[in-house]
Amino acid sequence: MINERAWAKGLHWVNNHMIPEGLRKELEARIKQADHPRECAVDVMYTVQKHYGYLSDEAVQEVASLLGMTPLEVDELATFYDFIYREPVGKFVIHLCDGVVCWMFGEESLMNYLCRKLGVKVGERSADGLFTVLPTACIGYCDYAPAMLVNGIPYGPLTPEKIDEILDQLRIEEPEPVIDR
Ligand code: FES
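Residues numbered from 1 in each chain as written. Predicted model: local features only at pLDDT ≥ 70, side-chain atom pairs only at ≥ 80, totals over all residues.

1. Considerations on the packing of helix α7 (residues 107-118) against helix α8 (residues 160-173)
Where α7 contacts α8, the two axes come as close as 10 Å, and the packing angle between them is 40°. Relative to α8, α7 is oriented oblique. Note on packing geometry: the crossing formed by α7 with α8 is right-handed. On α8, the residues that touch L110, Y113, L114 and K117 of α7 are P160, I163 and L167. (Axes fitted to C-alpha atoms, helices over the stretch in contact; angles between N-to-C directions. Helix = DSSP H or I, 4+ residues; strand = E, 2+ residues; numbered from the N terminus. Parallel < 35°, antiparallel > 145°, perpendicular 65-115°, else oblique. Left-handed = near helix turned anticlockwise from the far one by under 90°. Contact = placed C-beta atoms within 7 Å.)

Shown next as structure tokens:
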């Protein structure tokens with residue numbers, strides 16, 4: 001069972017030793033159904049990330065052992081995907097689209113604005129543990145460019161004022177402090 005509660009509370013890295021037995025069994029069952037374990041690599045990485053909050057080196061090793069791959073192979077795959085995180089991230093992961101259309105509509109200045117506003121560099125977690133900003137390829141929301149995803153939810157067209165509203169709203173939704181990990 002995925003630790004949804006820990007995810008929701010931002011307690012992403014709840015156990016840095018082992019994938020819990022239940023989750024391991026669930027993943028093994030999924031892998032068993034595939035023709036080739038590697039077919040499940042992204043699904044397994046994503047599920048393990050959802051449990052822990054990011055794919056640490058230990059998690060990479062565990063995923064590799066589940067899939068019969070080397071940790072290097074898993075790492076290479078993980079770093080290829082924008083939505084797999086190899087470093088701890090905030091509770092809200094903001095993926096600002098840097099596709100051509102969004103870029104034409106001012107993505108670069110919005111990225112600077114977001115980073116300045118949150119006091120972070122791209123990929124860093126904000127001091128309150130709530131936010132991480134990352135670039136991503138086109139999210140299919142070009143009609144609403146410039147656009148971003150926050151934990152998978154699309155927003156656009158963005159302006160600095162709209163971004164302020166969204167950040168304020170996210171903070172209100174989750175007023176509890178995030179426990180450091
Ligand atoms: S280019 Fe940004 S949503 Fe398509």
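2. Some thoughts on the sheet that holds strand β2 (residues 131-136)
Ordered by their spatial adjacency, four strands build an open sheet running β2-β1-β3-β4, and the pairing between neighbours is mixed. Edge positions in the sheet fall to β2 and β4 (153-155), since each of these pairs with one other strand and no more. Neighbouring strand axes in the sheet, compared pairwise and without regard to direction, differ in orientation by 25° on average. Judged from the three bridges that link them, strand β1 (residues 92-97) and strand β3 (residues 148-150) form a sheet pairing that is antiparallel. By the bridge assignment, I94 is partnered in β3 with V150. (Pairing = 2+ DSSP bridges.)

3. With respect to the packing of helix α3 (residues 41-52) against helix α4 (residues 57-67)
As a packed pair, α3 and α4 sit with axes 10 Å apart at the nearest point and diverge in direction by 145°. The two elements α3 and α4 meet at a crossing, and its hand is right-handed. The residues of α4 that touch α3, namely those facing A41, V44, M45, V48 and Y52, are A59, E62, V63, L66 and L67. Among the residues making up the contact of α3 with α4, the classes are represented as nine nonpolar, no polar and one charged. (Nonpolar A, V, L, I, M, F, W, Y, C, P; charged D, E, K, R; others polar.)

4. Concerning α8
Helix length check: α8 (14 residues) gives 20 Å between terminal C-alpha atoms against 20 Å at 1.5 Å per residue, within 8%. Counting buried positions over the 14 residues of α8 gives one, only a small fraction of the element. (Expected span 1.5 Å × (residues − 1). Buried ≥ 20, exposed ≤ 12 C-beta atoms within 10 Å, placed from the backbone.)

5. Description of the pairing of β1
Buried residues dominate β1, accounting for six of its six residues. Both faces of β1 are covered, namely the face carrying F92, I94 and L96 and the face carrying V93, H95 and C97. As paired elements, β1 and β2 share six bridges and run parallel to each other. When the bridges of β2 are listed, I94 appears paired with V133.

6. Some remarks on the confidence of the model for the protein chain
This prediction gives the protein chain a mean pLDDT of 88; 86% of its residues lie at or above 70. Note that residues 1-16 has pLDDT below 50 and, in this model, 31 contacts with residues that lie over four places away or in other chains. Per-residue pLDDT stays below 50 along residues 175-181; that stretch engages in 11 contacts with residues further than four places along the chain or on separate chains. (pLDDT = per-residue confidence, 0-100.)

7. Looking at the environment of T47
Along the chain, the position of T47 falls in helix α3. Along the sequence, T47 and L27 sit 20 residues apart, while their C-alpha atoms lie 8.4 Å from each other.

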